[in-house]
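# Structural description and commentary
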Amino acid sequence: MATAVATALLGSSLAGCAGAAPPPLATADAGQGLAGYRLGAGDRLRITVYNEPTLTGEYNVTPGGTVAFPLIGAIDAQGCTIEVVTQELSHRLAGGYVNDPHVSVEVLNYRPFYILGEVNKPGEYPYAAGLTIEQAVALAGGYTYRANESKAVLRRQTSGAEGTVALRGGQVPVLPGDTIRIGQRYF
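Being a predicted model, the structure only gives us computed values, none of them experimental.

Another point: the sheet that holds strand S9 (residues 162–166). The mixed open sheet is built from five strands, whose spatial order is S7-S6-S10-S8-S9. Looking along the sheet, the strands with just one partner apiece sit at the ends: strand S7 (123–125) and S9. For this sheet the average axis-to-axis angle between neighbouring strands, irrespective of direction, equals 25°. The pairing of strand S6 (residues 113–117) with strand S10 (residues 179–182) spans four bridges and is classified as parallel. Counted as the bridge partner of Ile115 is Ile180 from S10.

See the structure below:
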């Protein structure tokens with residue numbers, strides 16, 4: 001009886017050491033594209049104020065999530081869509097600085113994504129539109145011999161959701177700021 005209890009306790013404690021794998025990422029989160037993209041630190045923007053060449057230029061979203069803009073100061077951009085930032089700039093410029101401002105905002109460079117784990121060159125990589133997880137692995141030099149090539153763990157910076165995604169048969173898009181972790185396979 002004591003041996004059975006000890007074996008059960010040992011088995012439950014070892015199961016706890018292995019750690020639970022993240023749950024599968026929801027299909028909506030895994031398939032999310034750039035539609036409704038939310039800005040974040042590291043994005044580079046081109047802001048055009050029509051007929052105002054001194055205000056038109058390239059601006060970075062700072063680590064604090066703001067854009068420093070002439071005349072009106074810092075604009076909060078963290079987690080905002082392009083449309084929201086455009087409206088905020090137009091509203092603040094119309095408050096005594098520019099008559100009837102027409103503002104256009106576009107993303108020039110998206111923030112990088114990160115790939116970790118069982119790839120040959122883990123690290124930070126520049127984002128490119130249309131990038132999939134399999135292409136990101138290729139950028140990172142491919143899988144190591146220990147890599148689990150059937151699934152990966154994906155953490156979206158925009159939603160904070162983390163989960164496993166199947167790598168075979170599906171083209172899971174990578175978004176700016178994502179962290180991809182390729183785990184080890186078990187023999």
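So, on to the pairing of strand S8 (residues 151–155). Alignment of S8 against S9, held across five bridges, turns out to be antiparallel. Bridge assignment links Arg155 to a residue of S9, and that residue is Glu162.

Time to look at helix H3 (residues 82–94). If you check H3, its first and last C-alpha atoms are 18 Å apart, about what 13 residues at 1.5 Å a residue would give, namely 18 Å. Where H3 is concerned, the buried positions are Ile82, Val85, Thr86, Leu89, Ser90 and Leu93. Viewed end-on, H3 has its buried residues packed into an arc of 130°, placing them on one side of the element. Projecting away from the buried face of H3 at angles above 90 degrees are the exposed residues Glu83, Gln87 and His91. The secondary structure elements touched by the buried residues of H3 are strand S1 (44–49), strand S3 (66–69), strand S4 (73–76) and strand S5 (103–109). Gly96 sits one or two residues past H3 and shows a positive phi near 105°.

The next subject is the environment of Val49. Structurally, Val49 is set in strand S1. Separated by 56 residues in sequence, Val49 and Val105 have C-alpha atoms that sit 8.9 Å apart. Ignoring sequence-local partners within four residues, the contact set of Val49 consists of Leu55, Thr56, Phe69, Leu93, His102 and Val103.

Cut-offs applied
- For every chain, the first residue of the written sequence is number 1, and numbering continues from 1 onward in sequence order.
- Given that the model is predicted, a residue must reach a pLDDT of at least 70 before its local features are reported, and side-chain atom pairs must reach 80 or more before they are shown or counted; all residues, however, enter totals for whole chains, interfaces and linings.
- Side-chain measures were taken over the full set of non-hydrogen atoms in the model, leaving aside hydrogen atoms and water.
- Pairing between two strands requires that DSSP report at least two bridges joining them.
- Put simply, DSSP H or I for four residues or longer makes a helix, DSSP E for two residues or longer makes a strand, and each gets a number counted from the N terminus.
- Lines fitted to C-alpha atoms define the axes, with helix axes restricted to the stretch in contact, and inter-axis angles between N-to-C directions lie between 0 and 180 degrees.
- How far a helix is expected to stretch is found by multiplying one less than its residue total by 1.5 Å.
- Residue exposure (1.4 Å probe, protein chains only): buried if accessible area is under 20% of the type maximum, exposed if over 50%, otherwise partly exposed.
- What the arc covers is the set of directions going from the helix axis to the C-beta atoms.
- Contacts between residues were defined by any pair of non-hydrogen atoms, one from each residue, lying within 4.5 Å.

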